[in-house]
Amino acid sequence: TRSFTDPSVSMELLRAVLQPSINEEIRAVFNKYMKFFQTAAINVRDNVGEEVDPEQLIQETCRSCLEQAKLLFSDGKKVIPRLPHEQAVPKRARQMDEELSRRGSPVPKKRKGRPPGQSLSNDRGVSGMAAWKLKVSEPVKRDGPKWDPSRLTETTTFVLGSRANKALGMGGTRGRLYIKHPHLFKYAADPQDKHWLTEQQHMRAIGGKMAYLLIEEDIRDLAASEDYRDSVDLRLEELKPFIPPAWMTEKMQKHMETLRRGGDAPPPEDPPE
């Protein structure tokens, strides 16, 4: 048993008491810069394709920021491990990180112009809706009746993610729907699913690009919410719902169950020959 006079125990107790307040202040800092992360992630998706998940990119970037912030408190001996994708960061960017660490400064010298985050609450997105802020470190809750796999039956109707974006007035910004509403259930169609969707003329052949399916009821519930019901950009006729075959619905039930239990979605695989 360690004594409460142990310096490390005393400091740990103090940290535990202060941690909630520290977390809130850290969240406020990330919200200040979130507009830049959102814009960059959506641009990446538009340039690379729908297989890119902007929500995941933003989360990885936030974690990377926290890892680099540890350097401010490094004793010079311990090496802070980099995230896998940081190995490809240009040499100039790495040198800047190291230089800032030696100076003890978390940010470079300010340039002229509007400070990051200033008046972000007054900015408007391409759909004319108020800018939103992703709550950092807030886990996505996957419980309740909307995450009960039994709600997916052979008569449940689905819509393509791209059509849902258009229906809610976000057609010009692919992927924004998934970032703004991470609690929505979405299913990434595999090659077998895409083949059926193409044959039934629900979508055009899109090669290796990702295609998401969403539950029509969830999108209509969003459309009826306070955030959307008065929007002039609402176009529910764009949804074009359809009923998938039983084998596809069964896959989506398993996918929902996996996510509900906290597991990761398996990568899409080619169907057996």
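Residues numbered from 1 in each chain as written. Predicted model: local features only at pLDDT ≥ 70, side-chain atom pairs only at ≥ 80, totals over all residues. Heavy atoms only, no water.

- Under the annotation held in an unreviewed UniProt entry, the chain carries the name Deoxynucleotidyltransferase terminal-interacting protein 1 and is attributed to Sylvia borin.
- Quoted verbatim from the Subcellular location (unreviewed entry) field of UniProt, the annotation for the chain is "Nucleus".
- The annotation that UniProt attaches to the chain under Function (unreviewed entry) is "Increases DNTT terminal deoxynucleotidyltransferase activity (in vitro). Also acts as a transcriptional regulator, binding to the consensus sequence 5'-GNTGCATG-3' following an AT-tract. Associates with RAB20 promoter and positively regulates its transcription. Binds DNA and nucleosomes; may recruit HDAC1 complexes to nucleosomes or naked DNA." (UniProt positions renumbered as here; feature names shortened; annotations may be inferred.)

1. Quick notes on unusual backbone geometry
Then, in step 1: One non-glycine residue, Gln201, adopts positive backbone phi at about 60 degrees.
Then, in step 2: Relative to the assigned elements, Gln201 resides in the loop between helix H6 (191–199) and strand S3 (212–215).
Then, in step 3: The phi dihedral of Lys240 is positive, around 50 degrees, even though this residue is not glycine.
Then, in step 4: Of note, Lys240 is situated in the loop between helix H7 (216–223) and helix H8 (246–260).
Then, in step 5: Here Lys240 falls in the partly exposed class, since its relative accessible area comes to 48%. (Helix = DSSP H or I, 4+ residues; strand = E, 2+ residues; numbered from the N terminus. Buried < 20%, exposed > 50% of the residue type's maximum accessible area, 1.4 Å probe, protein only.)

2. Quick notes on the packing of aromatic side chains
Then, in step 1: Throughout the structure, instances matching the rule amount to 3 aromatic pairs.
Then, in step 2: Ring centres of Tyr178 and Tyr212 lie 5.0 Å apart, and the angle between their planes is 65 degrees; on these two criteria the pair is classed as edge-to-face. With Tyr178 in helix H5 (residues 176–180) and Tyr212 in strand S3, the pair connects residues that are 34 residues apart, well separated along the chain. Just as Tyr178 is buried, Tyr212 falls in that class too.
Then, in step 3: Where Trp196 meets Phe242, the ring centres are 6.2 Å apart and the plane angle is 45 degrees; that geometry is what we call tilted. Taken as a pair, Trp196 in helix H6 and Phe242 in the loop between H7 and H8 lie far apart in primary sequence, 46 residues in all.
Then, in step 4: Look at Trp196 and you get buried, because its relative accessible area is 15%.
Then, in step 5: Over the aromatic face of Tyr212 sits the side chain of Lys186, whose NZ or CZ is 5.5 Å from the ring centroid. (Phe/Tyr/Trp six-rings, centres within 6.5 Å; stacked < 30°, edge-to-face > 60°. Lys NZ or Arg CZ within 6 Å of the ring centre and 35° of its normal.)

3. Things to note about the packing of H6 against H8
Then, in step 1: Direction vectors running N to C along H6 and H8 enclose 140 degrees, while the axes themselves pass 11 Å from each other. Comparing their axes, H8 and H6 come out oblique. At the point where H6 passes H8, the crossing takes the left-handed sense. Side by side, H6 and H8 meet where Gln192, Asp193 and Trp196 of the first sit next to Trp247, Met248 and Lys251 of the second.
Then, in step 2: Of the residues in the contact of H6 with H8, the class split is 3 nonpolar, 1 polar and 2 charged. (Axes fitted to C-alpha atoms, helices over the stretch in contact; angles between N-to-C directions. Parallel < 35°, antiparallel > 145°, perpendicular 65-115°, else oblique. Left-handed = near helix turned anticlockwise from the far one by under 90°. Contact = heavy atoms within 4.5 Å. Nonpolar A, V, L, I, M, F, W, Y, C, P; charged D, E, K, R; others polar.)

4. Considerations on a nonpolar patch on the surface
Then, in step 1: Residues Met11, Leu14, Val17, Leu18, Ile22, Ile26 and Leu66 make up a contiguous nonpolar surface patch of roughly 610 Å² in combined accessible area.
Then, in step 2: In terms of residues, the nonpolar patch owes the most to one element, helix H1 (residues 7–48), which gives 6 residues.
Then, in step 3: Tracing the backbone shows Met11 in helix H1.
Then, in step 4: You can call Met11 exposed: its relative accessible area is 55%. (Patch = residues over 30% accessible without salt bridge, like charges linked within 9 Å, V, L, I, M, F, W, Y side chains within 5 Å. Areas by Shrake-Rupley, 256 points an atom, 1.4 Å probe, with all protein chains shown as cover. Salt bridge = Lys/Arg side-chain N within 4 Å of Asp/Glu carboxyl O.)

5. Details of helix H2 (residues 54–69)
Then, in step 1: A rise of 1.5 Å per residue sets the reference length of H2, with its 16 residues, at 22 Å; its end C-alpha atoms lie 23 Å apart and thus fit the reference within 8%.
Then, in step 2: Measuring from the backbone nitrogen of Glu55 back to the side-chain oxygen at the start of H2 gives 3.1 Å, which picks out Asp53 as the cap. (Expected span 1.5 Å × (residues − 1). Polar contact = N/O pair within 3.5 Å; in protein donor to acceptor, adjacent residues only side chain to side chain.)

6. What about the pattern of salt bridges?
Then, in step 1: This model, assessed by the stated rule, comprises 14 salt bridges.
Then, in step 2: Where Glu250 meets Lys254, a salt bridge forms, and the shortest distance between an N and an O atom there is 3.7 Å. Of this pair, Glu250 and Lys254 both sit in helix H8, 4 residues apart, which is roughly one turn of the helix.
Then, in step 3: Taking the relative accessible area as the measure of exposure, Glu250 reaches 42% and is therefore partly exposed.
Then, in step 4: Through salt bridges with shared partners, a single ionic network connects Lys146, Arg151, Glu217, Asp218 and Asp221.

7. Structural notes on the nonpolar core
Then, in step 1: Counting residues in each nonpolar core, the largest one holds 18 residues, and the members touching the most others are Leu152, Phe158, Phe185, Leu197, Leu213, Phe242 and Met252.
Then, in step 2: With 4 residues, H8 is the single largest residue contributor to this core.
Then, in step 3: With sequence-adjacent residues up to four places away left out, Met252 is seen in contact with Leu152, Phe158, Phe185, Tyr187, Leu213 and Pro244.
Then, in step 4: In terms of nonpolar packing, the next biggest core, distinct from the first, is built from 17 residues, Val159, Met170, Leu214 and Leu222 among them. (Core = buried A, V, L, I, M, F, W, Y, C linked by side-chain atoms within 4.5 Å.)

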